[in-house]
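# Coordinates in review
Letter by letter, the chains look like this.
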Amino acid sequence: MRTRTLLPVLVLLAAAGAGAGLLTYNIWRPWLFPVLSPGPTAANDHHDHGNEDQVQLSPQAQANLRLVVRPVRLTSYWRGIEVPGTVTELPGRSDHAVTSPTAGVVKRVAVFPWDTVRPGDELFTLALVGEITLGAQAELFKTARDLQINQEERERLAEASRSGAVPAARLLELDYQQRRLNAALTAYRHQLAARGLTPEQIQGVTEGKFVTEITVRVPGRPPEPRSPLLLTSAGPLMEAESSPLYEVQELKVNLGEQVQAGQLLCYLTDHQELYVEGRGFKSEVPLLEQAARQGWFVRAEFAADETAAWLSARRELPALVLARLLQPGSLVPLFPPDGLLQIGFLANTVDPASQTYPFYLPLTNQYREYVSAGKTYRIWRYRPGQRVLLHVPVERFDDVFVLPAEAVVREGAEVYVFRQNGDFFERRPVRLLHLDRRHAVIANDGSISPGNHIAHNAAAQLNFALKAQSAEGEGHEHHHDH
């Protein structure tokens, strides 16, 4: 009975004690559970995850990488295809065969292979042995003498004809004979001229000075007009020479050898005008045709070409050329004047061995000259057989950033560039529109902005340094759940 009376009292006292404990919690808690001061490890447990995409390089490291940093700007770019090609000679222009005008014996060879000669210079001296040439000289001399006798006879009979002593028919007969002799004289003159005799030599034959040997000289050709808009990899087109200079490419006869009329004596060559022969596959023909129709410039990359050495001799662009190149849509920002060519024509044949379609680009050569032993020699910049890589434009990108290919680095589906901020280089993801051996085309989507200083090379090395920096930081941190 007593126990039942005390139980409610105890319950009321416990409830009152719990309420008082809750009200005084902030007072008694520090006494029972003191807060420990943070130790050195806890104090350094903060991680700055905002620096994971930037790497710091010292000036020495930048110098070791030969880092090139430049501001970027928006520009236009032409995507192109690469087509192999070869420098070839221009048919009918590059080579010139010299043949013997008459039968004879080679008495003198005045040139050696790769000597330079101009029209009118001596090549060979031939001793005449042909009956036609010698006979034509005899007939010319005889005709000239007969004509002289005819003229003297007519003058003698002219006075007698006035007095009636000589009939007029006799004078008329002399006039007819004079016309026949003049016609024969002209025919013999032309025949000897075709055999290589000069007008002075032919006139000497009429006086009895017979020719026993003739000189074969470099033939001449009239200069042909050239377009001022035709550009070459040497820069603007050089003006045509008033007297073109040839090189002796190959001798086909020896001293003392007997030759016949029309026999080949030597080959002369002139490499100032050449072709670049490109070869595309069937799928590339529509693109080549488009470039030819639009008149787009093709950049030619020549193998073993010392561009810097030749550019010093390049002339300034004519005003007419500049006016065309500076038109909207020109390829000047991408293709500098050195190396610009245009497709002349596409051949309508297919190579049976390689199943490629040839096309041709006119190329005007550039040369240097030097003198050795009193003779002038030429060194040509482009030579037949030289390999060429042609970059044919097919698609244009506007308002893009154009960087060197070494300025971007890939990681899976991501493409990065590095933006400079003092000694720090921040990795920025970008959208890559086109990438080839030389250039990377970046979209203007806000990932980088005009004026940003971007590393133009060593992107792979910068990305490797960034990964090494991240790996070093992970090796010193402890793992915990955030």
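Here the structure is shown first, and the text comes after it.
If you're wondering where the values come from, they're calculated on a predicted model, not measured in any experiment. (Residues numbered from 1 in each chain as written. Predicted model: local features only at pLDDT ≥ 70, side-chain atom pairs only at ≥ 80, totals over all residues. Heavy atoms only, no water.)

## Topic: the overall build of the protein
In terms of helices and strands, the protein carries eleven helices and 27 strands. Per-residue burial over the protein gives 35% buried out of 482 residues. Long-range contacts, defined here as pairs at least 24 residues apart, represent 78% of the contacts in the protein between residues at least 6 apart. (Helix = DSSP H or I, 4+ residues; strand = E, 2+ residues; numbered from the N terminus. Buried < 20%, exposed > 50% of the residue type's maximum accessible area, 1.4 Å probe, protein only. Contact = heavy atoms within 4.5 Å.)

## Focus: the sheet that holds strand E4 (residues 95-99)
Read from one edge to the other, the open sheet built from four strands follows the order E4-E13-E11-E6, with strand pairing classed as antiparallel. Both edges of this open sheet fall to E4 and strand E6 (116-117), since each of them pairs with a single strand only. (Pairing = 2+ DSSP bridges.)

## Focus on unusual backbone geometry
Unusually for a residue other than glycine, Asp-399 sits at a positive phi of about 55°. Of note, Asp-399 is situated in strand E21 (residues 387-404). A relative accessible area of 51% means that Asp-399 is categorised as exposed. Positive phi, normally seen in glycine, also occurs at Ala-458, with a value near 60°. Within the secondary structure layout, Ala-458 lies in the loop between strand E27 (453-455) and helix H11 (459-474).

## Side note on the packing of helix H6 (residues 168-194) against helix H7 (residues 199-206)
Contact geometry for H6 and H7: axes closest at 10 Å, N-to-C directions at 135°. Of the possible angle classes, the one that applies to H6 and H7 is oblique. Crossing angle aside, the handedness with which H6 passes H7 is right-handed. Contact with H6, carried on its side by Arg-189, Leu-192 and Ala-193, involves Ile-202, Gln-203 and Thr-206 of H7 and no other residues of that element. For the contact of H6 with H7, a count of residues per class yields three nonpolar, two polar and one charged. (Axes fitted to C-alpha atoms, helices over the stretch in contact; angles between N-to-C directions. Parallel < 35°, antiparallel > 145°, perpendicular 65-115°, else oblique. Left-handed = near helix turned anticlockwise from the far one by under 90°. Nonpolar A, V, L, I, M, F, W, Y, C, P; charged D, E, K, R; others polar.)

## Quick notes on the nonpolar core
Counting 30 residues, the largest nonpolar core has Val-117, Leu-123, Phe-124, Leu-140, Leu-197 and Leu-268 as its most contacted members. The set of elements that each furnish at least two residues to this core consists of strand E7 (122-128), helix H5 (131-163), H6, H7, strand E8 (213-217), strand E11 (246-251) and strand E13 (264-269). Beyond its immediate stretch of four places on either side in the chain, Leu-268 contacts Ser-94, Asp-95, His-96, Val-98, Val-117, Leu-123, Val-218, Pro-219, Tyr-246, Glu-247, Val-248 and Gln-249. Counting residues in each nonpolar core, the second largest holds 22 residues, with Leu-288, Tyr-382, Val-388 and Val-392 among its members. (Core = buried A, V, L, I, M, F, W, Y, C linked by side-chain atoms within 4.5 Å.)

## With respect to the pairing of strand E14 (residues 273-280)
Burial within E14 is extensive, with seven of its eight residues counted as buried. Across five bridges, the pairing between strand E3 (residues 74-89) and E14 is antiparallel. Residue Thr-88 lies in a different strand from E14, and its bridge partner there is Tyr-275. Here E14 pairs with strand E18 (residues 357-364) via eight bridges, running antiparallel. Opposite Glu-277, over in E18, you have Tyr-360 as the bridge partner.

## Quick notes on the packing of aromatic side chains
Tallied over the full model, the rule gives eight aromatic pairs. Between the aromatic rings of Tyr-275 and Phe-345, the centroid separation amounts to 5.8 Å while the plane-to-plane angle is 75°, which identifies the pairing as edge-to-face. A residue pair is termed long-range when its members are at least 10 positions apart, and Tyr-275 in strand E14 and Phe-345 in strand E17 (residues 345-346) qualify at 70 residues. Residue Tyr-275 is classed as buried on the basis of its relative accessible area of 17%. When its relative accessible area of 38% is taken as the criterion, Phe-345 is described as partly exposed. Seen from their ring centres, Phe-345 and Tyr-360 are 5.1 Å apart, and the 25° between their planes marks the pair as stacked. Here Phe-345 is found in strand E17, whereas its partner Tyr-360 is found in strand E18, with 15 residues between them in sequence. We classify Tyr-360 as buried; its relative accessible area is 16%. Three or more aromatic residues link up through ring pairs in this structure, and these residues are Tyr-275, Phe-345 and Tyr-360. Cation over ring: Arg-378 sits above Tyr-367, and NZ or CZ is 3.7 Å from the ring centre. (Phe/Tyr/Trp six-rings, centres within 6.5 Å; stacked < 30°, edge-to-face > 60°. Lys NZ or Arg CZ within 6 Å of the ring centre and 35° of its normal.)

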